Amino acid sequence: MRRLLLILFLLFSLEASKATHIVGGDFYYDYLGNNQYRITLKLYVDCINGSDKAIESDRQAIIGIFDGATGNMESTFLMTRGLPYRLDKLHYECVRPPRDVCVDGYTYQKTLTINPGRNGKILAFQRCCRNNSITNIYNPESTGSTYWIKIPPHTLAGVNNAARFNELPPNYLCTDAPLMFDHSAIDPDGDSLIYELYNPYLGATRDNPRPANTDLTGYLREPPFQQVRWKRPYNTYNQMSGDPRLSIDRYSGELRVTPSTVGQFVIGIKVKEYRNGVLIGETYRDYQFNVKNCTFDLVAAFAGPVYSCSDSVIFENKSFKAVNYRWDFGDPTTNADTSNEVNPTYVYPGNGDYRVTLKAWNEVCEDEYSLIVKIRSDVRVNLGPDLVFCSDVDRFLDTRAYDATKVVWNNGMNGPVIRVKDTGLYVAEVYYDQCFGTDSIHISTDPVDFSIPSDSLFCEEVDMLLDAGVDGYKYRWSTSPYDTFRTLHVTDPGWYWVRVSNKHCYKVDSINLFTFEEPDIGPFFFVCNEFEKRIDLADQPGARYLWDDGSTDNYRIINDKGTFWVNVQLRHCEASDTLIVQNSVIDLELGLDTHYCDEVYKKLVAPEGMVKYYWSNESRTRITEVRSPGKYFIDVVDSFGCTKSDTIILTMSESPSITLGDDTSICSRTSFKVSPGEEFVKYIWSHGPQSNSNSLEIQDAGTYSVVVYDKKGCKGTAEITVKVDPNALPNELFIPNAFTPNSDNLNEVFPYSTAILQPEFRAMVFNRWGQKVFDSVEDGPNWDAAFQGDEVHQQAFMYLVEYRGCDGEFRRKSGTVTVLK
């Protein structure tokens, strides 16, 4: 839908856009981070001669994005302009402004994501047409414009913000009136800026005035973009009629011209960004200069050389309708650098850039004009002394004449700095217009070419004659004191260097003489008991090590007896060595420390075959018996003189003494708890659950026992015999409040499933009318919910229970019981 609306809008405005109105424009961008860019397009239109419909149709600008290397188009986007602003800047103080010049400016801005990739991206806006009254190009009414800029890849110089021009030139220029305008730019990154004139670019056509890359409106032209065709005698370096002609200072951006012909002229000015000497971007401004025959009340003007090869400069006053003059020659060395003459001459103190200012006035107006005069009376070029290189030539030759108009070298190269890689004579000619200076430098080589043998390995002693190999040089060896002969006889290993020099150059070479270190691991050693021994060999770079077990490290760990060998090879050197290891191991183990309960008895046994036994209890035999707690140790000695010791600690504590209480008798259907105490770590009961509980709940008759273990592992036992009196009931007897006579063998009768044998016990049940339906004395011990031979329905009944408690007291309980079915 959005594409359809765009096409309809473009079709509607196509005819309206076929009109002349373009005055100029420029492009720049700001980097906001994370590949976010704020794009700014400034467009300037003729608000007198331009078509209102064409201006209105440019509410939105269609921007194309192209690959920075291939020029292939990738996408488009729209930018919407803000409100217009009138450009009414005047340059002249004493002129009556013409009424037929009007320029409006529009600013388009948008923030979007752009990934420059490896090639960078080109952004371009194309629009037709220019004013048909333009003087210096062919067919201006059918000639469009392309305003474009390139975002460089991050790999070129990191992220970048484009340079942007500070000010716009005045709306109009006057014939025979000099223009001096600061056309400089600012760069947010602080890059170096260079200014140049350029040939403006074509874009769009009269038949395709607003290309948008759609089938209906035509396609955007892909880069490289075509440039305008100049009418004779105009060209890139003579873009408008003037005396002096239009020029821009490449370092300051100061624009100068004195127009000589009425007309409208297309002008191209660009600023180039350099970072660390690398060109990373360019900002272009394509603009129309309107030149008029103006009515002046006064014009201050003068002619003088831009470059002067003499310290004495004659200034020609070209002011118009002036009566009085005041010159300031801009000489910082004196205060006497002023004059009131009409055409003065001034002598400068020497080389330098001087701003000359003329103030002219009459009874009506006052005007001012200034010009920078560059004195180059003594053009000195210094390339430095002749150079002699000791190796390959690679040198930057720098005249330091960065502001020169031309620097020519005798090898055909141009520019203030060149890079040379060959010997020879280099001559630089530096020009400041007609001012000239030169210098030359001779580059030659005088290398020292020699070498001593490479690093050498000796299998035994060092014995070598070191020879620098060439005569006629000076020699200095690293020996102390220094040897100064061509050869040196050495018998010690180590690093040796020699410095060989001629008149200009020197060279140092070195050699490492080293000896082969033979392995020395033997021949024999004896060790007692368990052991671990590491045998290290010298770490000789490049050496190969082979041990008897197949390992190839420069060390071996031995923990057993046997015969061991190693072979070491380094280049042409090889050696082996053998080690015999003998070992006597005493197997002495008295066992783990032990705890005893109530009494100690332990037979401690040492290994057989020892020569001596030394027990801590004064025993001298292989076996000793101990019956008391304590720490026991032994030292033994075998026939090789090897010794070994061991220790054992025997401890003792008494077993726990516990009780569960005296034997007892309990009432039927009651329980009581017994416990041996809570301080033990383990309890084993003869009855009940086998959990490690420190107490037991007893309800039935029987003999109950428990085994306990304390923290030392000692145990204690206790038991209790319990009898149950079947005729004794609890003081508080539990009576159920419901039962279920449904033949599932659960809660089938009331009050209990087992008979109560106590003679005093009696249970009676009554219905809601008080009629007795059950009596345990008359009907048996338990009621099965039958009355008079029939089963009763589900309902509630009242009961009355009489019994003698455990304390011998007679008790009676009543309540309700529900028959559930």
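Residues numbered from 1 in each chain as written. Predicted model: local features only at pLDDT ≥ 70, side-chain atom pairs only at ≥ 80, totals over all residues. Heavy atoms only, no water.

Q: Honestly, the nonpolar core in this entry has me stumped. Any pointers?
A: Soluble globular proteins tend to bury their nonpolar side chains together. Counting residues in each nonpolar core, the largest one holds 43 residues, and the members touching the most others are Tyr92, Leu173, Cys174, Met240, Tyr287 and Phe296. Put simply, the parts of the chain that give this core at least two residues each are β11 (173–174), β12 (179–182), β14 (192–197), β16 (254–257), β17 (263–275) and β18 (278–292). Per-element tally for this core: the top contributor is β17, with five residues. Contacts of Phe296, omitting those with residues within four sequence positions, involve Tyr92, Cys94, Val95, Cys174, Thr175, Ala177, Phe320 and Lys321. One finds Tyr29, Tyr31, Ile63 and Ile65 within the second-largest nonpolar core, a separate group that totals 26 residues. (Core = buried A, V, L, I, M, F, W, Y, C linked by side-chain atoms within 4.5 Å. Buried < 20%, exposed > 50% of the residue type's maximum accessible area, 1.4 Å probe, protein only. Helix = DSSP H or I, 4+ residues; strand = E, 2+ residues; numbered from the N terminus. Contact = heavy atoms within 4.5 Å.)

Q: What's the story with the side chain of Asp509 in this structure? I'm lost.
A: Looking at the element boundaries, Asp509 is found in strand β40 (residues 506–515). Within the buried core, Asp509 has no salt-bridge partner, and the shortest N-O distance to an opposite charge, that of Lys507, equals 5.9 Å. A polar atom in the side chain of Asp509 sits 3.1 Å from the backbone nitrogen of Ile452. Apart from the residues lying within four places of it in its own chain, the contact partners of Asp509 are Phe450, Ser451, Ile452, Tyr496, Trp497 and Val498. (Lys, Arg positive; Asp, Glu negative; His and termini not counted. Salt bridge = Lys/Arg side-chain N within 4 Å of Asp/Glu carboxyl O. Polar contact = N/O pair within 3.5 Å; in protein donor to acceptor, adjacent residues only side chain to side chain.)

Q: What is the right way to look at the confidence of the model for the protein chain in this model?
A: Regions with low pLDDT should not have their predicted coordinates read in detail. For the protein chain, per-residue confidence averages 91 on the pLDDT scale, and 96% of positions sit at 70 or higher. Per-residue pLDDT, averaged within each element of the protein chain, yields its smallest value for helix α1 (residues 2–14) (40) and its largest for strand β13 (residues 185–186) (98). Note that pLDDT drops below 50 for residues 1–18; the model gives that stretch 24 contacts with residues more than four away or on any other chain. (pLDDT = per-residue confidence, 0-100.)

Q: Could you clarify how one ought to interpret a negative patch on the surface in this entry?
A: There is a patch of like negative charges on the surface, built from Glu460, Glu461, Asp463 and Glu518. Residue placement: Glu461 occurs in the loop between β35 (456–458) and β36 (464–467). Owing to a relative accessible area of 71%, Glu461 belongs among the exposed residues under this scheme. (Patch = residues over 30% accessible without salt bridge, like charges linked within 9 Å, V, L, I, M, F, W, Y side chains within 5 Å. Areas by Shrake-Rupley, 256 points an atom, 1.4 Å probe, with all protein chains shown as cover. Charge placed at Lys NZ, Arg CZ, Asp CG, Glu CD.)

Q: Got a minute to help me understand the sheet that holds strand β33 (residues 424–432) in this structure?
A: Neighbouring strands of a sheet are bound in pairs by backbone hydrogen bonds; such pairs are parallel or else antiparallel. Strand order across the open sheet formed by four strands is β29-β34-β33-β31, with mixed pairing between neighbours. Looking at which strands have only one partner, the edges of the open sheet turn out to be β29 (387–389) and β31 (406–409). Put simply, the sheet's adjacent strands are angled 20° from each other on average, direction ignored. Sheet analysis places β31 next to β33, joined by four bridges and oriented antiparallel. Within β33, the position partnered with Val408 by the bridge is Glu429. (Pairing = 2+ DSSP bridges. Axes fitted to C-alpha atoms, helices over the stretch in contact; angles between N-to-C directions.)

Q: Looking at this structure, how should I read a nonpolar patch on the surface?
A: On the surface, Tyr251, Phe396, Tyr402 and Val417 cluster together into a nonpolar patch covering about 400 Å² of accessible area. The residue Phe396 is located in strand β30 (residues 395–398) in this model. According to the relative accessible area criterion, Phe396 is exposed, its value standing at 55%.

Q: Just to check I follow, could you spell out the pairing of β16 for this structure?
A: A regular strand carries its side chains on alternate faces of the sheet. The side-chain alternation of β16 yields two buried faces, one formed by Glu254 and Arg256 and the other by Leu255 and Val257. Relative to β16, β12 runs antiparallel, the two being bridged by four bridges. Opposite Met180, over in β16, you have Arg256 as the bridge partner. By the bridge criterion, two bridges tie strand β15 (residues 247–248) to β16 in an arrangement that is antiparallel. Considered in β16, the bridge of Ile248 is made with Leu255. The turn linking β15 back onto β16 is made up of five residues, and Gly253 within it adopts a positive phi angle of 80°.

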